[in-house]
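One-letter residues, chain by chain:
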Amino acid sequence: MKNRLFVISGPAGVGKGTLVKLLLQEDPALTLSVSCTTRAPRKGEVQGREYFFLTKEGFQDRIDSGDFLEWDEHFGNFYGTPKSFVLEQLEEKSIILEIDVAGARQVKQHEADFGRIVLIMIVPPDMETLKSRLVGRGSETEETLKNRLARVEYEYAQKDKYDYVVVNDNLEEAKRTLQNIILQETNRGDKHD
Ligand code: ADP
Ligand code: 5GP
């Protein structure tokens with residue numbers, strides 16, 4: 001068995017959070033990466049659990065010292081995946097990063113340090129299903145719904161860069177497919193890459 005880095009991407013509302021939660025519940029040998037951000041903590045968020053909350057200066061220092069596997073700016077705040085945290089966790093477990101297609105592309109460039117990095121894209125069975133999941137979650141305004149759906153095609157167009165594309169139609173089936181991928185990949189040696 002080899003601890004691996006798995007990147008899970010896919011459009012908002014496709015079920016990434018739901019699936020990742022199930023995977024973590026059922027496999028104690030898996031953990032989730034904690035990102036750094038410069039945004040303020042929301043109510044209930046705990047330092048080091050949802051995010052490592054940093055000042056802009058602290059974040060910049062980490063960029064300068066090369067401690068991000070990838071980073072990006074969203075809504076005027078910075079977000080990034082800390083390399084040292086991921087490396088530390090990898091000593092013990094396989095680790096999941098839930099990040100977008102641009103971040104995934106950056107992460108994939110670190111295979112020299114991490115061994116094989118497995119990119120998995122979750123897709124909906126169709127656009128109507130995606131839309132109804134987003135609406136059903138109750139998290140979107142008409143505006144954010146439109147923006148999120150507009151991004152889907154762009155994300156989907158990147159699917160060739162992914163090692164696996166998993167359709168989240170039936171939740172149980174999608175979960176089992178992901179568990180099989182994880183099992184297969186953790187049993188696979190780097191020398192066959
Ligand atoms: P994401 O993390 O990708 O934004 P979520 O995990 O929040 O998506 O899922 C969006 C909504 O869709 C949630 O309300 C969730 O319960 C629902 N959902 C996820 N997977 C399925 C599925 N296979 N079938 C039906 N509903 C689902
Ligand atoms: P929120 O502030 O709502 O928690 O997250 C805002 C956005 O930042 C989301 O789209 C989320 O996916 C993205 N994000 C969170 N962590 C990271 C990260 O480590 N890297 C990148 N590139 N984006 C992130």
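No experiment lies behind these values; they were computed from the predicted model shown. (Residues numbered from 1 in each chain as written. Chains lettered and ligands numbered in written order. Predicted model: local features only at pLDDT ≥ 70, side-chain atom pairs only at ≥ 80, totals over all residues. Heavy atoms only, no water.)

Caption draft 1: Molecular detail of unusual backbone geometry. Of note, phenylalanine 75 is a non-glycine position whose phi angle comes to about 50 degrees, a positive value. You can call phenylalanine 75 exposed: its relative accessible area is 81%. (Buried < 20%, exposed > 50% of the residue type's maximum accessible area, 1.4 Å probe, protein only.)

Caption draft 2: Expanded view of the sheet that holds strand S1 (residues 5-9). On the basis of which strands lie adjacent, the open sheet formed by five strands has the order S2-S7-S1-S8-S9 and parallel pairing. Edge positions in the sheet fall to strand S2 (30-32) and strand S9 (164-167), since each has one partner strand and no second. The mean inter-strand angle of the sheet, taken between neighbouring strand axes irrespective of direction, is 25 degrees. In the sheet, strand S8 (residues 117-123) pairs with S9 via four bridges, with the strands oriented parallel. Its bridge partner being in S9, isoleucine 120 is matched across the sheet by tyrosine 164. (Pairing = 2+ DSSP bridges. Helix = DSSP H or I, 4+ residues; strand = E, 2+ residues; numbered from the N terminus. Axes fitted to C-alpha atoms, helices over the stretch in contact; angles between N-to-C directions.)

Caption draft 3: Local environment of the site of ligand 1. Neighbouring residues of ligand 1: 13 residues in total, closest Gly13, Gly17, Thr18, Arg137 and Asn168. Here an oxygen atom of ligand 1 sits 3.4 Å away from a polar atom, N or O, in the main chain of valine 14. Separating an oxygen atom of ligand 1 from a side-chain N or O atom of arginine 137 is a distance of 2.8 Å. When ligand 1 is considered free in solution it has 570 Å² of accessible area, and contact with the protein chains removes 71% of it. Of all the elements in the fold, those that place two or more residues in the shell around ligand 1 are helix H1 (16-26) and helix H6 (127-137). Examining the composition of the shell around ligand 1, we find that three residues originate from one element, H1, more than from any other. Split by residue class, the shell around ligand 1 holds four nonpolar, five polar and four charged. (Near = heavy atom within 4 Å. Polar contact = N/O pair within 3.5 Å; in protein donor to acceptor, adjacent residues only side chain to side chain. Areas by Shrake-Rupley, 256 points an atom, 1.4 Å probe, with all protein chains shown as cover. Nonpolar A, V, L, I, M, F, W, Y, C, P; charged D, E, K, R; others polar.)

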